[in-house]
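# Coordinate analysis (summary)
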Amino acid sequence: MGDSLYVVGGWGADGEDVLRYDVKDERWVECAPMPSPRSSFAMCTLGECLYVAGGITDTAHGVADCLRYDVQSDTWTAMAPMQVGRRGCNACAVGGKMYVVGGFGAGGVTGATECFDPATGQWTRLADMPTPRVWACSFVLDGSMYVAGGWNGSAVSDVHRYDVASDTWSTVSDLPVAMRYGAACTVNRNVNAFDVMM
């Protein structure tokens, strides 16, 4: 975000820690910690804020909590919870709203899709992803959200595109290999996907 890289939460005793790396000054800065430790959550940026949704806490696996971190005031605020508690989900920012999809909840692997509108502070349940999955990678391209790979009993290779305007999912070309625990980004309209466990 801007000239800074944020590292938030994680597994273990330091799961509430937040660190900011200042690219210009080449140094790490400690920020206000999250209200409670958590890992395996979804996160994205909207404006000058980071949003964290779902995840694993010290008391529950697959929570519905949503938190907002204001980078200017260095403060955390609890937002309205999602309708579906989950962990290992994905989040993308499209059109000033946060979309959270997939994950593992009380009923197992889910394709649940929800949208958070910061203007109203409310969540809206949307069309489910065709193939439920957890530990996928996601990215935004040309105003649409894409979810690739993941796990649903085994690693999967299919890629789904979500059109935010029509609330519809479609299937696009598969990844060359099935992958889970991945990450993806776009650079000059090229999609780069990385995996740590195929």
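Keep in mind that what you see is a predicted model, and the values were worked out from it rather than measured.

## Here's the deal with the sheet that holds strand S18 (residues 159–163)
One open sheet holds the four strands; their spatial order is S16-S17-S18-S19, and the pairing between them is antiparallel. Sheet topology places strand S16 (137–141) and strand S19 (168–172) at the edges, where each strand pairs with a single neighbour. The sheet shows a mean angle of 25° between the axes of neighbouring strands, taken without regard to direction. Sheet topology note: the S16/strand S17 (residues 144–148) ladder contains five bridges and is antiparallel.

## Considering the sheet that holds strand S11 (residues 97–101)
With antiparallel pairing, four strands are arranged side by side in an open sheet as S10-S11-S14-S15. The sheet terminates laterally at strand S10 (90–94) and strand S15 (122–126), the two strands that pair on one side only. Direction aside, neighbouring strands of the sheet carry axes that sit 25° apart on average. Sheet analysis places strand S14 (residues 113–117) next to S15, joined by five bridges and oriented antiparallel. Within S15, the position partnered with Asp117 by the bridge is Gln122.

Here is what the cut-offs are and how they apply
Residues numbered from 1 in each chain as written. Predicted model: local features only at pLDDT ≥ 70, side-chain atom pairs only at ≥ 80, totals over all residues. Heavy atoms only, no water. Pairing = 2+ DSSP bridges. Helix = DSSP H or I, 4+ residues; strand = E, 2+ residues; numbered from the N terminus. Axes fitted to C-alpha atoms, helices over the stretch in contact; angles between N-to-C directions.

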